[in-house]
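Chain residues, written in single-letter form:
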Amino acid sequence: MIRINLLPEKAKKDVFKYDLIMLLSCVVLALMVFGGIYYYNMNEISKRKAMIEDTKKEIQKLQQIYKEYLAMQKEKQEIQRRIKAIDSIKEGRALAARTVYDLAGAIKSNVWIKSFKKTDNKFELDGRSLENESISDLVETLSKIPYIKNVELKSVGEALEEGVTVKSFVIYGDISL
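So, a few notes on the structure that sits alongside this text.

Reading the values: the criteria
- Residues numbered from 1 in each chain as written.
- Predicted model: local features only at pLDDT ≥ 70, side-chain atom pairs only at ≥ 80, totals over all residues.
- Heavy atoms only, no water.
- Phe/Tyr/Trp six-rings, centres within 6.5 Å; stacked < 30°, edge-to-face > 60°.
- Buried < 20%, exposed > 50% of the residue type's maximum accessible area, 1.4 Å probe, protein only.
- Pairing = 2+ DSSP bridges.
- Helix = DSSP H or I, 4+ residues; strand = E, 2+ residues; numbered from the N terminus.
- Axes fitted to C-alpha atoms, helices over the stretch in contact; angles between N-to-C directions.
- Patch = residues over 30% accessible without salt bridge, like charges linked within 9 Å, V, L, I, M, F, W, Y side chains within 5 Å.
- Areas by Shrake-Rupley, 256 points an atom, 1.4 Å probe, with all protein chains shown as cover.
- Salt bridge = Lys/Arg side-chain N within 4 Å of Asp/Glu carboxyl O.
- Core = buried A, V, L, I, M, F, W, Y, C linked by side-chain atoms within 4.5 Å.
- Contact = heavy atoms within 4.5 Å.

### A few points about the packing of aromatic side chains
Consideration 1: Scanning all chains against the criterion turns up two aromatic pairs.
Consideration 2: Ring plane angle 20° and centroid distance 5.6 Å describe the contact between Phe116 and Phe123, whose orientation is recorded as stacked.
Consideration 3: Judged by relative accessible area, which is 32%, Phe116 ranks as partly exposed.

Structure, rendered in structure tokens:
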């Protein structure tokens, strides 16, 4: 097969030079773009590292304040515990005074109390009486007091007090304000 070259020799060389210049221009342009991206990324990395260091320094500064905050929280809890204890003492004090006052009004002349024990929300009353009716009246009167609930006569028996035979009794129930 026969080849025919219609282009002059000089035009072939110009096209080759043009292609070579375009290739080199593209390579240089690509290197510049990649260099710019690399520079931008390195700049961002250094900014982020600086921000991290600043944040670490700020955390170190705030660490002392955080320790003080935790100490204050502990003190607050201790104060709240003390206030709660004082409030419970106040509540118990009012209940004790009110109980003694109401017991004095509920007791008849032929009934007397040997002991009154209160634990948590329960009470136990140990007493003596000359007759059974006075004991039942005392149980009924105690049942009518609003902060005393579930009043029950636990036991009744005879006992010898200073040479006199009397009825000993135990009453228990729930007590709370």
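### Notes on the sheet that holds strand 1 (residues 111-119)
Consideration 1: Across the sheet, four strands lie side by side as 1-2-4-3; this open sheet has antiparallel pairing. Among the strands making up the open sheet, the edge pair consists of strand 1 and strand 3 (148-161). Neighbour-to-neighbour, the strand axes of this sheet turn through a mean angle of 15°, independent of strand direction.
Consideration 2: Relative to strand 2 (residues 122-129), strand 1 is paired through eight bridges, and the arrangement is antiparallel.

### Looking at a nonpolar patch on the surface
Consideration 1: A cluster of nonpolar side chains, Phe16, Leu20, Leu23, Leu24, Val27 and Leu31, forms an exposed patch at the surface whose accessible area comes to about 620 Å².
Consideration 2: Relative to the helices and strands, Leu31 resides in helix 1 (residues 9-106).

### As for the nonpolar core
Consideration 1: By size, the foremost hydrophobic cluster in this structure holds 17 residues, and its most contacted members are Leu138, Leu142, Ile148 and Ile171.
Consideration 2: Put simply, the parts of the chain that give this core at least two residues each are helix 1, strand 2, helix 2 (132-144), strand 3 and strand 4 (164-175).
Consideration 3: Contact partners of Ile171, with chain neighbours within four places excluded, come to Phe123, Glu124, Leu125, Leu138, Val139, Leu142, Val151, Glu152, Leu153 and Lys154.

### Things to note about the environment of Ile107
Consideration 1: Turning to its location among the elements, Ile107 is positioned in the loop between helix 1 and strand 1.
Consideration 2: The exposure class assigned to Ile107 is partly exposed, which follows from its relative accessible area of 25%.
Consideration 3: Along the backbone, Ile107 and Glu78 are 29 residues apart, and their C-alpha atoms lie at a distance of 43 Å.
Consideration 4: Beyond its immediate sequence surroundings of up to four residues, Ile107 is in contact with Ile113 and Leu138.

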